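Close look at the chain arrangement
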Amino acid sequence: MSEAPAAQHAASADGDRPEGIGLLLRPPAPRAGWRLLPTRVVAMCAVELQKLRHDRTELYTRAVQPALWLLIFGQTFTRLRAIPSDGVPYIDYLAPGIIAQSAMFVAIFYGIQIIWERDAGILNKLLVTPTPRAALITGKAFAAGVKSLVQAVVVIVIAAVLGVALTWNPLKLLGVAAVVVLGSAFFSCLSITIAGIVLSRDRLMGFGQAITMPLFFGSNALYPLSVMPGWLQVVSKANPLSYQVDALRGLLLGTPAHLALDFAVLLVAAALGITAASSLLGRLAR
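An unreviewed UniProt entry lists the protein under the name Transport permease protein, with Streptomyces curacoi as the source organism. Under Sequence similarities (unreviewed entry), UniProt gives the following word-for-word description of the protein: "Belongs to the ABC-2 integral membrane protein family."

Structure follows, in structure tokens:
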């Protein structure tokens, strides 16, 4: 009689198992944090910008104020020649300051939106997801920057119609976009930080209205530092809006500027703003 065939070794079944089955039996290794952060930032930014598809009214209404500044204030003071403007027409000197102002006004009330998300229960749902808080804040900050870019385009178009001598160099315009986004990122994070402290929509609106005008008039948006009193020059040098305006003037008008210093200050300010807002996000959700 022939001998019965020997039984196969039990380990052979595991050895012959297809690779796909192994993936079903063991979870995939988690992605490293440094890989996860950029994708979550982009996702949060995209979510914020999707809101513009449903209601674009904010973009139109916010364009009225910078248009009035250029059409009325700019043209009037150009005729008066009462403010020194570094050898360029005053309306040319004013246009970059109005771009920075309109971007700041878009971003400075961004905390109201996050308080609304808290009241609607959206913020708590976001915080229990694997998305890092820094990614959530960064996404919102750069979404504010993109919204501000729309306002900047409106101001540039109005300025061009009024005859302002702006540059159309693509590289310089990219620099303008970067400056607007960085400045808006800082001011939106400042707003979210204040929201994390006051915890109330009404209080935040009061604080926002209390700091926007001092930030604007305490910068070089309307007049150069040389005509300011000494104490106001100190305030202006500590104001990130001044560095944003200085960079915009250098890029758009070609006036003397300190671009390396301006970009460095805006980068550090945006990073500090994201850090502060992220640390207070949990307090806001409680």
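We are not done yet, so read on.
Some words on the pattern of salt bridges
Scanning the model with the defined rule gives 3 salt bridges in all. Among the salt bridges present, the one from Arg201 reaches Asp119, with a minimum N-O distance of 3.1 Å. In this pair, Arg201 sits in helix 11 (residues 201–217) while Asp119 sits in helix 7 (residues 110–119), placing the two residues 82 residues apart along the sequence. Under the relative-accessibility criterion, Arg201 is labelled partly exposed at 32%. Each of Arg118, Asp119 and Arg201 takes part in one network of salt bridges that share partners.

What to know about the packing of aromatic side chains
Across all of its chains, the model carries 8 aromatic pairs by this definition. Taken together through their ring pairs, the aromatic side chains of Trp69, Phe73, Phe77, Tyr90, Tyr93, Phe216 and Phe217 make up a single cluster. Positioned over the ring face of Tyr93 is Arg249, at 3.5 Å from the centre of the ring.

Some remarks on the nonpolar core
Burial of nonpolar side chains together is a common tendency in soluble globular proteins. Counting residues in hydrophobic clusters, the biggest one holds 66 residues, and the most contacted among them are Leu70, Ile99, Ile114, Phe187 and Phe216. Those elements that place two or more of their residues in this core are helix 5 (64–80), helix 6 (90–108), helix 7, helix 9 (133–161), helix 10 (170–198), helix 11, helix 13 (240–252) and helix 14 (259–285). Per-element accounting of this core gives the leading share, 13 residues, to helix 6. When neighbours within four sequence positions are excluded, Phe216 is seen to be in contact with Trp69, Gly97, Ile98, Gln101, Met104, Ala221, Leu222 and Leu241.

So, the UniProt feature "transmembrane region" (unreviewed entry) in the protein
Residues given the UniProt feature "transmembrane region" (unreviewed entry) here are residues 59–78, 98–116, 149–168, 174–199, 211–232 and 259–281. From the first C-alpha to the last, residues 149–168 spans 16 Å; its make-up is 65% helix and 0% strand. As a span, residues 174–199 carries 96% helix and 0% strand, and end to end its C-alpha atoms are 36 Å apart.

Here we look at helix 10
Between its first and last C-alpha, helix 10 extends 42 Å over 29 residues, near the 42 Å set by a 1.5 Å rise per residue. For helix 10, the N-terminal capping position is held by Asn169, with its side-chain oxygen 2.9 Å away from the main-chain nitrogen of Leu171. Looking one or two residues beyond helix 10, the residue adopting positive phi is Leu199, at roughly 65°.

Remarks on the packing of helix 13 against helix 14
Direction vectors running N to C along helix 13 and helix 14 enclose 140°, while the axes themselves pass 9 Å from each other. By the angle between their directions, the pair helix 13 and helix 14 is classed as oblique. Judged by the sense of rotation from one axis to the other, the crossing of helix 13 with helix 14 is left-handed. Here Pro240, Tyr243, Gln244, Asp246, Ala247 and Leu251 of helix 13 come into contact with helix 14, specifically with Leu259, Leu261, Asp262, Val265, Leu266 and Ala269. The residue inventory of the contact of helix 13 with helix 14, partitioned by class, reads 9 nonpolar, 1 polar and 2 charged.

Overview of the confidence of the model for the protein
With 80% of its residues at a pLDDT of at least 70, the protein reaches an overall mean of 82. Of all the helices and strands in the protein, helix 1 (residues 11–15) carries the lowest mean pLDDT, 47, while helix 13 carries the highest, 95. Counted against residues more than four places away or in other chains, residues 8–15, with its pLDDT under 50, gives 0 contacts. Note that residues 30–34 has pLDDT below 50 and, in this model, 1 contact with residues that lie over four places away or in other chains.

Cut-offs and rules
- Residues numbered from 1 in each chain as written.
- Predicted model: local features only at pLDDT ≥ 70, side-chain atom pairs only at ≥ 80, totals over all residues.
- Heavy atoms only, no water.
- UniProt positions renumbered as here; feature names shortened; annotations may be inferred.
- Salt bridge = Lys/Arg side-chain N within 4 Å of Asp/Glu carboxyl O.
- Helix = DSSP H or I, 4+ residues; strand = E, 2+ residues; numbered from the N terminus.
- Buried < 20%, exposed > 50% of the residue type's maximum accessible area, 1.4 Å probe, protein only.
- Phe/Tyr/Trp six-rings, centres within 6.5 Å; stacked < 30°, edge-to-face > 60°.
- Lys NZ or Arg CZ within 6 Å of the ring centre and 35° of its normal.
- Core = buried A, V, L, I, M, F, W, Y, C linked by side-chain atoms within 4.5 Å.
- Contact = heavy atoms within 4.5 Å.
- Expected span 1.5 Å × (residues − 1).
- Polar contact = N/O pair within 3.5 Å; in protein donor to acceptor, adjacent residues only side chain to side chain.
- Axes fitted to C-alpha atoms, helices over the stretch in contact; angles between N-to-C directions.
- Parallel < 35°, antiparallel > 145°, perpendicular 65-115°, else oblique.
- Left-handed = near helix turned anticlockwise from the far one by under 90°.
- Nonpolar A, V, L, I, M, F, W, Y, C, P; charged D, E, K, R; others polar.
- pLDDT = per-residue confidence, 0-100.

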